[in-house]
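Topology and contacts: notes
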Amino acid sequence: MFNELGYELGSWTLSRIEDPDSPLQSTFSLLGMEWDLLPEVFPPYTDPGPGLFASWVPYAAGQRFLEMGCGAGVSAVLAAQAGATRVVAVDINPAAARNAERNARRHGVSDRVTAMTSDLFDALNDTDTFDVVFWNSPFIEAPEDRQYGKDIERAVMDPGYGLQQRFFRDAGAHLVDGGKVYLGFSEVMGNPEKMLRAATDAGFQGGVYRTASVDLPAADFDQSAAVRANTNEHGMMGMDFTLFEFERN
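A few points on the structure. Predicted, not measured: the structure shown is a model, and the values here were computed from it.

**Considering the overall build of the chain**
- Broken down by element type, the chain carries seven helices and eleven strands.
- For 249 residues, the compact-globule estimate of 2.2 N^0.38 gives 18 Å, and the chain sits close to it at 17 Å.
- Each principal axis of the C-alpha distribution contributes one length, and for the chain these read about 50 × 40 × 30 Å.
- Out of the 249 residues belonging to the chain, those deemed buried represent 49%.
- Considering only contacts within the chain whose residues lie at least 6 apart along the sequence, 69% involve residues at least 24 apart.
- Counting only carbon and sulfur atoms, one obtains 47% of the accessible surface of the chain, whose full area is about 11100 Å².

**What to know about the packing of helix α5 (residues 162–171) against helix α6 (residues 192–201)**
- For the pair α5 and α6, the least separation of the axes is 8 Å and the interaxial angle reads 25 degrees. Classified by the angle their axes make, α5 and α6 are roughly parallel. Of the two elements, α5 crosses α6, and the hand of that crossing is right-handed. Of the residues in α6, those touching α5 at Gln164, Gln165 and Phe168 are Lys194, Met195, Ala198 and Ala199.
- For the contact of α5 with α6, a count of residues per class yields four nonpolar, two polar and one charged.

**Digging into the environment of Ala54**
- For Ala54, the location among the structural elements is in helix α2 (residues 49–56).
- The spatial distance from the C-alpha of Ala54 to the C-alpha of Leu243 is 9.7 Å, given a sequence separation of 189 residues.
- For Ala54, the residues in contact, after removing those within four places along its chain, are Leu31, Tyr59, Val74, Ser75 and Leu78.

**Remarks on the side chain of Gln164**
- Relative to the assigned elements, Gln164 resides in helix α5.
- With residues up to four places along the chain from it excluded, the contact list for Gln164 reads Trp135, Ser137, Pro138, Phe139, Asp158, Leu183, Phe185, Met195 and Ala198.

**Considering the pattern of salt bridges**
- Within the structure shown, the criterion is met by twelve salt bridges.
- One salt bridge connects Asp122 with Arg166, and the closest N-O pair in it is separated by 4.0 Å. Here Asp122, found in the loop between β5 (113–117) and β6 (130–136), pairs with Arg166, found in helix α5; they are 44 residues apart in sequence, far enough to count as distant.
- When its relative accessible area of 53% is taken as the criterion, Asp122 is described as exposed.
- The class of Arg166 is partly exposed, set by a relative accessible area of 21%.
- Salt-bridge contacts for Asp170 lead to Arg169; the nearest nitrogen and oxygen are separated by 2.9 Å.
- Taken together, the shared-partner salt bridges connect Asp119, Asp122 and Arg166 into one network.

**A closer look at α5**
- For α5, the set of buried residues is Leu163, Gln164, Phe167, Phe168 and Ala171. Angular distribution of buried residues about the axis of α5 spans 125 degrees; they occupy a single face of the element.

**As for unusual backbone geometry**
- The phi dihedral of Glu40 falls on the positive side, at around 75 degrees, and the residue is not glycine.
- With respect to the helices and strands, the residue Glu40 is situated in the loop between β2 (33–36) and α2.
- The phi dihedral of Leu120 is positive, around 50 degrees, even though this residue is not glycine.
- With respect to the helices and strands, Leu120 occurs in the loop between β5 and β6.

Reading guide: rules and limits
Each residue is numbered by its place in its chain's sequence as written, counting from 1. The predicted origin of the model limits local features to residues at a pLDDT of at least 70 and limits the giving and counting of side-chain atom pairs to 80 or more, whereas totals for whole chains, interfaces and linings rest on all residues. Working from all heavy atoms in the structure, the side-chain values ignore hydrogens and water. Counting from the N terminus, the helices are the DSSP runs of H or I reaching at least four residues and the strands are the DSSP runs of E reaching at least two. Throughout, radius of gyration means the C-alpha value; the globule benchmark is 2.2 Å times the number of residues raised to the power 0.38. When a residue's accessible area, from a 1.4 Å probe over protein chains only, is under 20% of the maximum for its type it is buried; when over 50% it is exposed; and in between it is partly exposed. Whether two residues touch is decided by their heavy atoms; if any such pair falls within 4.5 Å, the residues are in contact. Areas reported as accessible are Shrake-Rupley estimates using a 1.4 Å probe. Residue values count occlusion only from the protein chains shown. For every element, the axis is a line fit to its C-alpha atoms; helices are fit only across the contacting stretch, and the angle between N-to-C directions ranges from 0 to 180 degrees. Small angles under 35 degrees read as roughly parallel and large ones over 145 as roughly antiparallel, with 65 to 115 read as roughly perpendicular and the rest as oblique. Working rule for handedness: look at the near helix, and if it is turned counterclockwise from the far one by less than a right angle, call the crossing left-handed; if clockwise, right-handed. Lys, Arg, Asp and Glu make up the charged group, whereas Ala, Val, Leu, Ile, Met, Phe, Trp, Tyr, Cys and Pro make up the nonpolar group; the residues left over, Gly among them, are polar. What makes a salt bridge here is a side-chain nitrogen of Lys or Arg within 4 Å of a carboxyl oxygen of Asp or Glu, nothing more. Arc, as used here, means the arc of the directions from the helix axis to the C-beta atoms.

Listed below in C-alpha cells is the structure:
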C-alpha cells in the first residue's frame with residue numbers, strides 16, 4: 001500500500017530545503033565534525049537520519065567500503081578514518097560527488113576516497129567488489145509517474161521504488177563473499193514490505209540492524225489528513241530511523 005504520510009512528509013522536506021528564503025548552509029556540524037555542503041546537495045543536518053545511520057554503520061580497518069548515494073560523503077570519510085583500505089563514494093548528483101571529494105580533502109583522507117557520479121552501480125567496473133555497501137536510501141515512495149525536478153529530489157524520493165529494486169538487483173555482483181549491505185530506511189515513512197520484497201527477490205536475506213524512535217512535533221508540518229491521523233494526544237508524530245542489514249543467500 002502506498003504510504004501517503006511518507007510522501008507528504010518527503011514533499012514537505014523538499015519544499016523547506018528548496019525555500020529561497022531559507023538558503024542552505026555552506027558548512028554544517030555532524031557527529032562532532034565540520035563539513036562542507038555544496039548547493040543542490042541534500043543537507044544532512046535537517047533530520048536525525050543521516051547522522052544516526054552514519055554513526056551505526058560498522059566501519060572496520062582493512063575493509064573495502066562503498067557509500068551509495070553519498071551526498072556530502074560523511075560515511076565515506078568515516079570509513080576512511082576507521083582504516084578502510086579502499087573507499088568509493090558514488091551519487092547520481094554530480095554536485096554530491098564533488099561534495100564528497102571536498103569533504104575527503106577537508107578531513108585528510110582524499111588518498112583513500114574515490115568519488116564519482118554514478119546512477120547506482122552503473123559507473124563501477126564489473127570487478128569492483130566491496131565488504132560493505134551502505135546506502136542512506138531515498139525511502140520516500142513517490143508515485144511511479146512522478147518526474148524529478150532538481151537533482152536534490154533524488155535524495156528523498158523513489159518513484160514506484162524502482163531504485164530499491166535496481167539497487168538490490170545489482171548489489172550482489174559488487175559484494176565479496178560474506179559482504180553485507182546496510183540500508184538506511186524508515187518503516188513509518190517508507191514502504192518496508194516493498195523494500196523487503198525487492199531484497200528477497202534479488203536473493204538477499206536480512207532485517208533490522210539498529211533503529212531509533214523519534215517524536216516530531218506535528219505542528220512543524222502541514223496539517224493534512226495523513227498528518228492529523230498520525231498525531232498523538234501530545235501533538236507528536238512518532239517516527240523511526242532504521243538501518244537494515246542484508247547479505248546474500
